[in-house]
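# Geometric and topological summary
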Amino acid sequence: MADQDTPVFQIQRVYLKDLSLEQPNSPAILLEQEQPSVDIQLGVEAAPVADGIYEICVTATVQTKIKDKTVFLVEAKQAGIFEVRNIPEDQMGAIMGIACPQIVYPYLRGNVADLINRAGFPPVHLAEINFQAMYEQQQQAAAADTAVAQ
């Protein structure tokens, strides 16, 4: 029988929570010869679901434009449910902000590239992300905000 204090970190499920594609200026914009600009925004959300169970969502927004007109806009949210128990409190932030997103993100990348390709565009491949560096930047920004607020 497992020790009650043994650390537990398990993936329960990875799933596509939300996905949308908009082409508000089609078909006229599809005839443009100019190269579109691409803007990619990423985010990570963590929320408790039950005791020791957490949902981690990695979101991506990909918007391409020619001049001021949108070619396409993709919004995607890939989620995972993780069981995390008996982990020291000071390590939970890193688990939620680094370990879990690293597991979920490849699924998001694949779904976004596939959707854009199915919409008739060359796929946009989201770059690899260093979630540790992203988490550390967020922690530094939060610390700076706290210091300024005092």
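Rules of the game
Residues numbered from 1 in each chain as written. Predicted model: local features only at pLDDT ≥ 70, side-chain atom pairs only at ≥ 80, totals over all residues. Heavy atoms only, no water. Helix = DSSP H or I, 4+ residues; strand = E, 2+ residues; numbered from the N terminus. Rg over C-alpha atoms; globule rule 2.2 N^0.38 Å. Buried < 20%, exposed > 50% of the residue type's maximum accessible area, 1.4 Å probe, protein only. Contact = heavy atoms within 4.5 Å. Phe/Tyr/Trp six-rings, centres within 6.5 Å; stacked < 30°, edge-to-face > 60°. Salt bridge = Lys/Arg side-chain N within 4 Å of Asp/Glu carboxyl O. Polar contact = N/O pair within 3.5 Å; in protein donor to acceptor, adjacent residues only side chain to side chain. Core = buried A, V, L, I, M, F, W, Y, C linked by side-chain atoms within 4.5 Å. Pairing = 2+ DSSP bridges. Axes fitted to C-alpha atoms, helices over the stretch in contact; angles between N-to-C directions.

When its secondary structure is counted, the chain shows two helices and four strands. Relative to the compact-globule value of 15 Å for 150 residues, the chain shows a C-alpha radius of gyration of 19 Å, a clear excess of over 25%. In terms of its C-alpha atoms, the chain occupies a principal-axis envelope of roughly 65 × 45 × 25 Å. Across the 150 residues that make up the chain, the buried fraction comes to 32%. Across the chain, contacts joining residues at least 24 apart in sequence account for 69% of those joining residues at least 6 apart.

A separate point is the packing of aromatic side chains. Counted under the stated rule, the structure contains three aromatic pairs. Each ring, one from Phe72 and one from Phe121, has its centre 4.7 Å from the other, and the planes form 40 degrees; the classification is tilted. Here Phe72, found in strand 4 (residues 69-85), pairs with Phe121, found in the loop between helix 1 (89-118) and helix 2 (131-149); they are 49 residues apart in sequence, far enough to count as distant. For the pair formed by Phe72 and Phe121, the shared burial category is buried. Relative to Phe131, the ring of Tyr105 has its centre 5.5 Å away and its plane inclined at 75 degrees; by these criteria the two rings are edge-to-face. Taken together, the residues Tyr105 in helix 1 and Phe131 in helix 2 connect sequence positions 26 residues apart. Of the residues examined, Tyr105 reaches a relative accessible area of 3% and is grouped as buried. Relative accessible area serves as the criterion here: at 3%, Phe131 is assigned to the buried category.

This part is about the pattern of salt bridges. Taken as a whole and assessed by the stated rule, the structure comprises seven salt bridges. With a closest N to O distance of 3.5 Å, Lys77 and Glu45 form a salt bridge. A residue pair is termed long-range when its members are at least 10 positions apart, and Lys77 in strand 4 and Glu45 in strand 2 (residues 37-50) qualify at 32 residues. Residue classification places Lys77 among the partly exposed positions, given a relative accessible area of 22%. Taken together, the shared-partner salt bridges connect Asp51, Glu83 and Arg85 into one network.

A few words on the side chain of Glu55. On the secondary structure map, Glu55 appears in strand 3 (residues 53-66). Judged by its relative accessible area of 13%, Glu55 is buried. Looking at Glu55, its side chain comes within polar contact range of the side chain of Lys17, at 2.9 Å. Not counting chain neighbours up to four residues away, the residues in contact with Glu55 comprise Tyr15, Lys17, Glu45, Ala46, Ala47, Val49, Ala79 and Gly80.

Counting 31 residues, the largest nonpolar core has Val62, Phe72, Val84, Leu108 and Ile116 as the members making the most contacts within it. Of all the secondary structure elements, the ones that give two or more residues to this core are strand 3, strand 4, helix 1 and helix 2. When residues of this core are assigned to their parent elements, the largest contribution, eleven residues, is made by helix 1. Those residues in contact with Leu108 that lie beyond four places of it in its chain are Val58, Thr59, Ala60, Ala76, Lys77, Gln78 and Leu126.

Before going further, it helps to examine the sheet that holds strand 2. Taken in spatial order, the four strands line up as 1-4-3-2 in an open sheet, and their pairing is antiparallel. Each of the sheet's edge strands pairs with one partner strand only, and the pair in question is strand 1 (8-22) and strand 2. Across the sheet, the axes of successive neighbouring strands diverge by a mean angle of 15 degrees, strand direction being ignored. When strand 3 meets strand 4, the two strands line up antiparallel, connected through 14 bridges. Counted as the bridge partner of Val62 is Val74 from strand 4.

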